Amino acid sequence: DMALRSNRIDYTVYAPAYEPGKGCWDFRTVTKARLAAKRLGIGSRLRRNINLKRKDRIEWDWWVERVWEWNGTRFTDITKHPTKLQP
């Protein structure tokens, strides 16, 4: 028997001057997350999270799939940018 698994995608937005414990918000849709990041201004970050739930376990597994930064004009993919510190 294989346990049922389900993936859920959500998005976390970080303020440009993010400090742990404050300055981040979670959204279920990318549209709402992008709007929030734009309102926060240049340097805000948008993170795409994958959440995995197994039916045979209580806990969730999750990981960050991609990260973008708002530059005032567009979102730049910084997922693999070696000099960017990701929240």
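Before any of the text, the structure's been laid out above.
First, a word on scope: everything that follows refers to the structure included in this document. All values reported here derive from a predicted model rather than from experimental measurement.

## Considerations on the side chain of glutamate 69
For step 1, the next point in the chain: Among the structural elements, glutamate 69 can be located in strand β4 (residues 60-70).
For step 2, the next point in the chain: We classify glutamate 69 as buried; its relative accessible area is 14%.
For step 3, the next point in the chain: Separated by 3.0 Å, the side chains of glutamate 69 and arginine 45 make a polar contact.

## Focus on the pattern of salt bridges
Where charged atoms from two side chains of opposite charge approach closely, those side chains can pair.
For step 1, the next point in the chain: This structure, assessed with the given rule, holds five salt bridges.
For step 2, the next point in the chain: The residue arginine 45 makes a salt bridge to glutamate 69 at a minimum N-O spacing of 3.0 Å. With a gap of 24 residues between them, arginine 45 in strand β3 (residues 45-54) and glutamate 69 in strand β4 connect regions that are remote in the sequence. An identical accessibility class is assigned to arginine 45 and glutamate 69; each is buried.
For step 3, the next point in the chain: With a shortest N-O distance of 2.5 Å, arginine 48 and glutamate 65 are connected by a salt bridge. Within this pair, whereas arginine 48 is found in strand β3, its partner glutamate 65 is found in strand β4, the two being separated by 17 residues in sequence.

Procedures and definitions
Residues numbered from 1 in each chain as written. Predicted model: local features only at pLDDT ≥ 70, side-chain atom pairs only at ≥ 80, totals over all residues. Heavy atoms only, no water. Helix = DSSP H or I, 4+ residues; strand = E, 2+ residues; numbered from the N terminus. Buried < 20%, exposed > 50% of the residue type's maximum accessible area, 1.4 Å probe, protein only. Polar contact = N/O pair within 3.5 Å; in protein donor to acceptor, adjacent residues only side chain to side chain. Salt bridge = Lys/Arg side-chain N within 4 Å of Asp/Glu carboxyl O.

Read these as geometric descriptors, not functional statements.
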